[in-house]
Amino acid sequence: MIYANRKPIKKTAYVMPDVALPTGGAWITEARKAALASASEYGMPQKRDEYWKYTDPTTLTSDAPTPAAIFDNKEERLFDDVDRVKVFFVDGIYNAEMSDPLDLAGVEIETLETAGQADIHWASALYGVLETNGQRPVPRPLAALNTATATQGLVIRATGKAAKPVSFIYLHQDENSDATIHHTIKLEAGADLTILENGPAAARCNMVMEVDVADNASFHHVRAQGRDHERRAVTHIFARLGKESSFKSFTLTVNGVLTRNEAIIEFKGDDAHATVAGACAGDGTFHHDDTVFITHDAVNCESRQVYKKVLRSGAVGVFQGKILVQPGAQKTDGYQISQGLLLDDNSTFQAKPELEIYADDVACSHGSTVGAIDETALFYLTSRGIPHGTAQDMLTLAFLGEAIEEIEDETLSETIRARLERWMARRQG
Amino acid sequence: MLEIKNLCVDLEEEDKTILKGVDLKIGEGEVHAIMGPNGSGKSTTSYVLAGKDGYEVTAGSATLFGEDILELDPEERAAAGLFLAFQYPVEILGVGNMTFLRTAVNSQRKARGEDELSAAEFLKEVRAKAKSLKIDADMLKRPVNVGFSGGEKKRNEILQMAMLEPKMCVLDETDSGLDVDAMKLVAEGVNALRDGKRSFLVITHYQRLLDHIKPDVVHIMADGKIVKSGGPELALEVENNGYADILAEVA
């Protein structure tokens, strides 16, 4: 396998915060120690790192988070009309009182705190394992640091088709909160599970989700990152896909001063499918980075990356997306599109699409565009009496719609669309 | 209703003069036609009236009910009662035709201080009007003009006109790209909107359309000006002899 024996790129100099490992059972302590050793070896990301060229990690690696004002958007919470198991985190800490009982047929749910107390746990085969695999060829030190220090998160094992989604709701109440959350999710063969996530989480949040999707299992993920203007987040999703499995993840990001969302997906079984999609809209100091790394290491797998960003008043959008096709991964179908819609001259969209292919019978395509709103379409709409701002919103929503459509469940995609519509309408006043 | 006086227009980017003093007065309920060779400024006239970017008015005026519309944004002109049926209707991916129509109707009502139509009222009206134009439910659901045939696009323009109920309709080469049957259908749609009050300005190359939409006045435009006006017989003259004779006569 390409890269398997290659050492991670070693930093010439690195900084590593003083980290005290949390206490826990034997299995998790071992995982934490290993992760800390990795994080120490890699060092924290710095602006001069190639992988962080477009996003300054300084505020993500600083000792203390930059305070973030609490933003009350007076909206009803997203997914409120969806029947689901609600799990609340307040400033990154699990809140049992607010949460529903962790009961769902076909799904075992426990907190990382509880699972971490045991000396032996099935999660030892997963916690930090996909994260470690994902450290090559590019190190992701913030994810390793997360594995080393996280005490919060859920450990979920689905054995069948879950009757309803499990929903993580992240409330932000403390302006100085610094959250580290690590979810470990295993879908056994044939299982079907939907995870919903919403809310700002904390002033700063480092989140990792490891998802192991066994043969014939289906994982659905819809996430809306909270709208607090000043929150910062770095998230990593590590997924491993078995034979004929399916993985679909969508993220909506509106506001937040800094977001880096990484998705690292590896096909290990044949005939599997993965979609990662994102729609984001941002103003002013908004900086949003989607970094995707998809490794095809099996035959006849399909991957889709669909990312859309609408930017204005100086907002910055970044997309780094890579498809790596390993030797022997024949009949791979890799698709990648990233598009920036700039609503003015002050905004920036940076895209770095990459294909690296070591098999000869594959179909991989990528496209990246950046542009302004279509003036012809805008004139058509306004000539029918639609106010300029509303017309611009309609076209913006249409643009983002192509990413939203990647959500398989129509109710959920409508929920996301309606949320964006209302947000835009309110901005028009 | 619509009065254009000495309208002079440059193309902004190319510093080229397109309209060189257009004069036109359309009264309530009247149907006027503008004919003329390619490049005479017919379509430019319609775009300038509707407020498209890229044109600079260097002299003259255009008023609707005495109000200077050249100072208004396109949406304000629409709310004031002006409608342009596009020669090339724009395809808009991701915006449903129905959503588009409803937003347009209610935006105009709101701008005029009227109550917005409820979803049910709107639906009832749009269905009835779509039916008379042979526009099926599928066309209403699809994104605006996306995947529509040439005829469907033009019918969709007329449907918008029927829903928006403008006072002054400008039709820019609505017959282009239509076969005879489609043209008849479109013309019927237009004629259904003739109520003695609503006025029309029909821009066309050919007399054919005017067989179906009977004009009160026909204008010949050439080199950015109206060079001759007359009754419907003028259109027949063009059909029989082409523009050369008329242009030679006025030169």
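Values in this document were obtained by computation on a predicted structure and should not be read as measured data.

**Remarks on the interface of chain B and chain A**
- Contacts between chain B and chain A engage 23 residues on the former and 18 residues on the latter.
- Put simply, the parts of the chain that give the side of chain B that touches chain A at least two residues each are helix H2 (74–79), strand S7 (92–96), helix H3 (97–111) and helix H6 (150–164) of chain B.
- The element contributing the most residues to the side of chain B that touches chain A is H3(B), with 5 residues.

**Considerations on the confidence of the model for chain B**
- The predicted model of chain B averages 91 in pLDDT, with 100% of residues at 70 or higher.
- In the predicted assembly, ipTM is 0.96 and pTM is 0.90.

**Structural notes on the packing of H3(B) against H6(B)**
Residue and element names in this part refer to chain B.
- It is at 10 Å that the axes of H3 and H6 come closest, and there the two elements cross at 30°. The way H3 lies across H6 gives a crossing that is right-handed. Across from Leu 101, Ala 104, Val 105 and Gln 108 in H3, the residues of H6 making contact are Gln 160, Met 163 and Leu 164.
- In the contact of H3 with H6, the residues fall into 5 nonpolar, 2 polar and no charged.

**Focus: helix H1 (residues 26–42) of chain A**
Residue and element names in this part refer to chain A.
- Across its 17 residues, H1 extends 25 Å between first and last C-alpha, which sits within 8% of the 24 Å expected from 1.5 Å per residue.
- Residues of H1 that are buried include every one of Ile 28, Ala 31, Arg 32, Ala 35, Ser 38, Ala 39 and Tyr 42, and no others. Seen along its axis, H1 keeps its buried residues to an arc of 125°; they face one direction. Relative to its buried face, H1 has exposed residues pointing more than 90 degrees away, namely Ala 26, Lys 33 and Ala 37.
- Residues of H1 that are buried sit in contact with helix H3 (112–117), helix H4 (129–133) and helix H5 (141–149).
- Downstream of H1 by a residue or two, Gly 43 has a phi angle that is positive, lying close to 75°.

**A few points about the pairing of strand S18 (residues 333–342) of chain A**
Residues and elements named next belong to chain A.
- Taken across its 10 residues, S18 has 7 buried, putting it largely inside the fold.
- Where strand S16 (residues 302–312) and S18 come together, 10 bridges link them in parallel fashion. Within S18, the position partnered with Leu 311 by the bridge is Leu 342.
- As defined by bridge partners, S18 adjoins strand S20 (residues 363–371) across 9 bridges and the pair is classed as parallel. Pairing of Ile 337 across the sheet is with Gly 367, part of S20.

**A word on unusual backbone geometry**
Residue and element names in this part refer to chain A.
- In this chain, Arg 136 is followed by Pro 137 through a cis amide linkage whose omega measures 5°.
- Relative to the helices and strands, Pro 137 resides in the loop between H4 and H5.
- Even without being glycine, Asn 255 reaches a positive phi, approximately 70°.
- When you line up the elements, Asn 255 lands in the loop between strand S12 (246–254) and strand S13 (258–267).

**A few points about the sheet that holds strand S6 (residues 82–85) of chain B**
Residue and element names in this part refer to chain B.
- Ordered in space as S6-S9-S10-S3-S11-S12, the 6 strands form an open sheet in which the pairing is mixed. Two strands close off the open sheet at either side, each with one partner strand: S6 and strand S12 (225–230). Ignoring strand direction, the axes of neighbouring strands in this sheet form an average angle of 20°.
- Across the face of the sheet, H6 comes into contact with S6 and strand S9 (168–172) while running at roughly 170° to S6.

**A closer look at the sheet that holds strand S4 (residues 55–64) of chain B**
All names here are of chain B.
- Taken in spatial order, the 4 strands of this open sheet run S2-S1-S4-S5, and their pairing is antiparallel. In the strand order of this sheet, the two ends are held by strand S2 (16–26) and strand S5 (67–68), each with one partner.
- Where strand S1 (residues 2–11) and S4 come together, 8 bridges link them in antiparallel fashion. The partner of Lys 5 across the bridge, within S4, is Ser 61.
- Lying over the sheet, helix H1 (residues 42–50) contacts S1, S2 and S4, oriented at roughly 70° with respect to S4.

The rules behind these values
By convention here, each chain's residues receive numbers from 1 onward along its written sequence. Numbering of ligands from 1 and lettering of chains from A proceed in the order in which they are written. Two thresholds apply to this predicted model, a pLDDT of at least 70 for residue-level local features and 80 or more for giving and counting side-chain atom pairs, whereas whole-chain, interface and lining totals are computed over all residues. Note on contacts: residues are paired as contacts if their backbone-placed C-beta atoms lie within 7 Å. Here a strand is any run of E in DSSP of at least two residues, a helix any run of H or I of at least four, and the numbering for each starts at the N terminus. For every residue, the predictor reports its confidence as pLDDT, a number between 0 and 100. Note on method: axes are straight lines fitted to C-alpha atoms, helices fitted across the in-contact stretch only, with angles between N-to-C directions ranging 0 to 180 degrees. With the far helix as reference, a near helix turned anticlockwise by less than a right angle produces a left-handed crossing, and one turned clockwise produces a right-handed crossing. Residues are sorted three ways: Asp, Glu, Lys and Arg are charged, Ala, Val, Leu, Ile, Met, Phe, Trp, Tyr, Cys and Pro are nonpolar, and all the rest, Gly among them, are polar. What a helix should span is 1.5 Å times the count of its residues minus one. Once C-beta atoms are placed from the backbone, each residue is buried if 20 or more other C-beta atoms lie within 10 Å of its own, exposed if 12 or fewer, and partly exposed for counts between those two. As used here, the arc is the angular range of directions from the helix axis to the C-beta atoms. Two strands pair if DSSP finds at least two bridges between them.

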